[in-house]
Amino acid sequence: MYAPVYDRLCGWLLLILGVSGFVWGHLGQWMELQPVESALSAALGLTALSGARARRRSAALTALVVGLALFLWGLAGVLSPGQMWLRGLGETQPLESLLRFLGGAWGLYVAVQDVVTWRKASAQPTP
């Protein structure tokens, strides 16, 4: 139910973040965006936007995948802020790692909630 909304919102934000990283290389003085980080953001954004236009179960699966990717990316930044485990991502600030972590947790929650709601609705007998 809420997975398409999550996919659309996170998709546009990640796509804008990726494109601004390609064009300017930074987002004000808040964020320095490496090319690999920009490509990953743009790819996740396009994936989320395509999932938002799909069926409800595909939107939930896309929310799960994008949420898990953001969750792990944010978790890696929180656990080792000075050294990223994937080359090319550069150093992350604590706030951007926290935002990715929370965005990913929200995506996981939305995906599970949509699956549970769908299962409850399909289990009820139709009068």
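Our structure's up above, just so we're on the same page.
Computed from a prediction, not measured in an experiment: that's the story for all the values here.

> Kindly report on the pattern of salt bridges, identifying the contributing residues and their values.
Between side chains of opposite charge, a pair can form when the charged atoms approach closely. The final tally for this structure, using the stated rule, is two salt bridges. A salt bridge links Arg 100 to Glu 37; the nearest nitrogen and oxygen atoms lie 2.7 Å apart. Residue Arg 100 is located in helix α4 (residues 94-123), and its partner Glu 37 is located in helix α2 (residues 35-52); the two are separated by 63 residues in the primary sequence. On the basis of relative accessible area, Arg 100 is assigned to the buried category, the value being 7%. Note that Glu 96 and Arg 100 form a salt bridge whose closest N and O atoms lie 3.3 Å from each other. Placement of the pair is Glu 96 and Arg 100 together in helix α4, with a separation of four residues, close to one helical turn. Exposure remark for Glu 96: the relative accessible area of 3% places this residue in the buried category. One continuous salt-bridge network, built from bridges that share partners, spans Glu 37, Glu 96 and Arg 100.

> Got a sec to walk through the packing of aromatic side chains? Specific residues and values, please.
Under the counting rule described, the total for this entry stands at two aromatic pairs. Measuring from centroid to centroid gives 4.9 Å for Tyr 6 and Trp 106, while their planes differ by 90 degrees, and the two rings are edge-to-face. Taken as a pair, Tyr 6 in helix α1 (residues 3-23) and Trp 106 in helix α4 lie far apart in primary sequence, 100 residues in all. Across from the ring centre of Trp 73, 4.0 Å away, lies the NZ or CZ of Arg 100, which sits over that ring.

> How would you explain the packing of α1 against helix α3 (residues 56-79) if you had to name every residue and give the values?
At a minimum axis separation of 9 Å, α1 and α3 run at an interaxial angle of 45 degrees. Classified by the interaxial angle, the pair formed by α1 and α3 is oblique. Relative to α3, α1 is oriented so that their crossing is left-handed. On α3, the residues touching Ala 3, Pro 4, Tyr 6, Asp 7 and Leu 14 of α1 are Ala 59, Ala 60, Thr 62, Ala 63, Val 66, Gly 67 and Leu 70. For the contact of α1 with α3, a count of residues per class yields nine nonpolar, two polar and one charged.

Basis of the calculations
- Residues numbered from 1 in each chain as written.
- Predicted model: local features only at pLDDT ≥ 70, side-chain atom pairs only at ≥ 80, totals over all residues.
- Heavy atoms only, no water.
- Salt bridge = Lys/Arg side-chain N within 4 Å of Asp/Glu carboxyl O.
- Helix = DSSP H or I, 4+ residues; strand = E, 2+ residues; numbered from the N terminus.
- Buried < 20%, exposed > 50% of the residue type's maximum accessible area, 1.4 Å probe, protein only.
- Phe/Tyr/Trp six-rings, centres within 6.5 Å; stacked < 30°, edge-to-face > 60°.
- Lys NZ or Arg CZ within 6 Å of the ring centre and 35° of its normal.
- Axes fitted to C-alpha atoms, helices over the stretch in contact; angles between N-to-C directions.
- Parallel < 35°, antiparallel > 145°, perpendicular 65-115°, else oblique.
- Left-handed = near helix turned anticlockwise from the far one by under 90°.
- Contact = heavy atoms within 4.5 Å.
- Nonpolar A, V, L, I, M, F, W, Y, C, P; charged D, E, K, R; others polar.

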